[in-house]
Amino acid sequence: MSKFPDLPGIKNLDANPYEPELASFDDMDADADAGDGDAVAKTGTTTIGITTDDGVVIATDMRASLGGRFVSNKSVQKVEQIHPSAALTLVGSVGGAQSFIRTLRSESDLYEVRRGEPMSISALATLAGNFARGGPFFAINPILGGVDEEGSHVYSIDPAGGVMEDDYTVTGSGMQVAHGKLEDRYHDDLSMEEAEELAVEAVYAATERDTGSGNGVYVATVTGDGVDITGYDDFEGAR
Amino acid sequence: MQGQNQQQAYDRGITIFSPDGRLYQVEYAREAVKRGTASVGVRTADGVVLAADRHARSPLLERDSIEKIHKADDHVGIASAGHVADARQLIDLARRQAQVNHLRYDEEIGVESLTKEVTDYIQQYTQTGGARPFGVALLVGGIEDGEPRLFETDPSGTPYEWQAVAIGGDRDEIQTFLEEEYEEEMGLEAGLSLALRALGSVSDDGLDATGVDVATIDVESEQFTALSEDEIAERVTELELEGDDDE
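What counts and how
- Residues numbered from 1 in each chain as written.
- Chains lettered and ligands numbered in written order.
- Predicted model: local features only at pLDDT ≥ 70, side-chain atom pairs only at ≥ 80, totals over all residues.
- Heavy atoms only, no water.
- Pairing = 2+ DSSP bridges.
- Helix = DSSP H or I, 4+ residues; strand = E, 2+ residues; numbered from the N terminus.
- Axes fitted to C-alpha atoms, helices over the stretch in contact; angles between N-to-C directions.
- Contact = heavy atoms within 4.5 Å.
- Parallel < 35°, antiparallel > 145°, perpendicular 65-115°, else oblique.
- Nonpolar A, V, L, I, M, F, W, Y, C, P; charged D, E, K, R; others polar.
- Phe/Tyr/Trp six-rings, centres within 6.5 Å; stacked < 30°, edge-to-face > 60°.
- Buried < 20%, exposed > 50% of the residue type's maximum accessible area, 1.4 Å probe, protein only.
- Buried area = accessible area lost by both parts, 1.4 Å probe.
- Salt bridge = Lys/Arg side-chain N within 4 Å of Asp/Glu carboxyl O.
- Polar contact = N/O pair within 3.5 Å; in protein donor to acceptor, adjacent residues only side chain to side chain.

1. Description of the sheet that holds strand β4 (residues 76-82) of chain B
Residue and element names in this part refer to chain B.
Here is step 1 of the chain: Here five strands make up an open sheet; going across it, the order is β3-β4-β5-β6-β7 and the pairing antiparallel. Strands with a single pairing partner mark the edges of an open sheet, and in this sheet they are β3 (69-73) and β7 (159-161). Within the sheet, the average angular offset between the axes of one strand and its neighbour, ignoring direction, is 25 degrees.
Here is step 2 of the chain: For strand β6 (residues 147-153) and β7, the ladder comprises three bridges, and the chain directions are antiparallel. Its bridge partner lying in β7, T153 is registered against P159.
Here is step 3 of the chain: In the packing of helix α3 (residues 84-105) onto the sheet, contacts are made with β3, β4 and β5 (136-144), and the angle to β3 comes to roughly 20 degrees.

Here you go:
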């Protein structure tokens, strides 16, 4: 029962607070039903987020595959800016991830234009977790990396809406391989350049052994000044 | 309709402008606010003070049942003037929107954002057929990013930000008093005194501690704190605002 009168033209205050305000998930049902079918493009993927004192480095491979057994695209940009100083990786269902990014980007813009300041990264992570949990099943497992007044943050967001912050994190089918590199080389006073190098090395290791990852690397650097994304179709160029 | 009746017709519907561009129903709602007892807000360097006149018309009425100052969220208080029942609806809206912000972003809502949620809602009642505007004005005070903020809402749905402000009965007189006495650098205790003195300035037979409601939201704790009757009485006595009993 509605607590507030339901007059035409008056804002419905009983709307679900977990739902996005602008984007509708209705047209996503087909994708959700498609489940693990081989026809749905998956990113397979290795995506890495590392925090440093000066910002966040995100590196992703460039392969899209069908069932992890056929390479359907060799030049996918799997990291996108969604906020003045934050980026999100695409991991899992391509359609789910793209829709997720569009939604977060518009919510972030709406928040900033209304309130005159950008959303904090923890608010953005909470919102992302709410959408992942509340929408149809997106089949995604992205990393959110960003910088705000509190400093540098990376979060991994799981398909059920779990949100976990860490100093560095990896998601995607190549995560175990990449983690090996990071466990050996990560330390908490990496410079941005060292973090970039490490992230590229870890993606490279994963592309060598994980069939769902490969074909080059995209590197995003996030600082208080913004997000910078560069693609390299061979690892020599990135190193 | 002809002659005089034609003038009157413009106040029949909320969605109808008069030929000189006025919304009579909104102006009537402002009159309803003036019929309410006054509320005062003072923003100081280290917090916001809300004070309200809640004197009872009968000694038999339970004082606590007169609602003038409300907690909206831990860090925001709202004082009202005008129709109490209308105020209750808006305060519930503010409380819900504060919680929606917690749910969506896991953050406290800003005082400005919260005020605008409320005023946007009020505005819809000046443009929707079959509705009547809210006959109430609110003072929304709290802490945002460590800074004290104080806003007013009016029946048109316009938000205003103030250093010190009065709403309700005797608004103009109290506002003049505040304009003369307000100092930007004053602390919370000085702001509290100013708010009480401002309310007392329009009371012929002095201020009665049981007839005043006071709350603060300070920068230190960022918590809404209602003052007890004793705490108010202490200050009323100190400021010599009580009336002369033998008058």
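2. Quick notes on the packing of helix α3 (residues 121-134) of chain A against α3 of chain B
Here is step 1 of the chain: α3 of chain B packs onto α3 of chain A with a crossing angle of 85 degrees between their chain directions and a minimal axis gap of 7 Å. When the axis of α3 of chain A is compared with that of α3 of chain B, the two are roughly perpendicular. Together, S122, A123, T126, L127, N130 and F131 of chain A of α3 of chain A and L103, R104 and Y105 of chain B of α3 of chain B make up the contact between the two elements.
Here is step 2 of the chain: Looking at side-chain class alone, the contact of α3 of chain A with α3 of chain B contains five nonpolar, three polar and one charged residues.

3. Side note on the packing of aromatic side chains
Here is step 1 of the chain: Summed over the entire model, instances satisfying the criterion amount to eight aromatic pairs over all chains.
Here is step 2 of the chain: Seen from their ring centres, Y168 of chain A and Y186 of chain A are 4.4 Å apart, and the 35 degrees between their planes marks the pair as tilted. One end of the pair, Y168 of chain A, is in strand β11 (residues 168-171); the other, Y186 of chain A, is in the loop between α4 (175-185) and α5 (192-209), and 18 residues separate them in sequence. Exposure class is identical for Y168 of chain A and Y186 of chain A. Each is buried.
Here is step 3 of the chain: Considering the side-chain rings of Y24 of chain B and Y28 of chain B, the 6.2 Å spacing of their centres and the 20 degrees angle between planes classify their relative orientation as stacked. Of the two residues, Y24 of chain B and Y28 of chain B are both situated in helix α2 (residues 24-34); the distance of four residues between them amounts to about one turn of the helix.

4. Things to note about the interface of chain A and chain B
Here is step 1 of the chain: Listed as interface residues are 27 residues of chain A and, on the opposing side, 21 residues of chain B.
Here is step 2 of the chain: Buried surface at the junction of chain A and chain B, summed over both partners, amounts to about 2,100 Å²; 47% is from carbon and sulfur atoms.
Here is step 3 of the chain: One can count one salt bridge joining chain A with chain B.
Here is step 4 of the chain: E107 of chain A is paired through a salt bridge with R104 of chain B; the nearest N and O atoms lie 2.7 Å apart.
Here is step 5 of the chain: The tally of links between chain A and chain B comes to nine residue pairs in polar contact (both at pLDDT 80 or more).
Here is step 6 of the chain: For the side of chain A that touches chain B, the secondary-structure elements that each account for two or more residues are α2 (94-115) and α3 of chain A.
Here is step 7 of the chain: Considering every element that reaches the side of chain A that touches chain B, the biggest residue donor is α3 of chain A, with six residues.
Here is step 8 of the chain: Here the residues of the side of chain A that touches chain B are counted per class, giving 14 nonpolar, five polar and eight charged.

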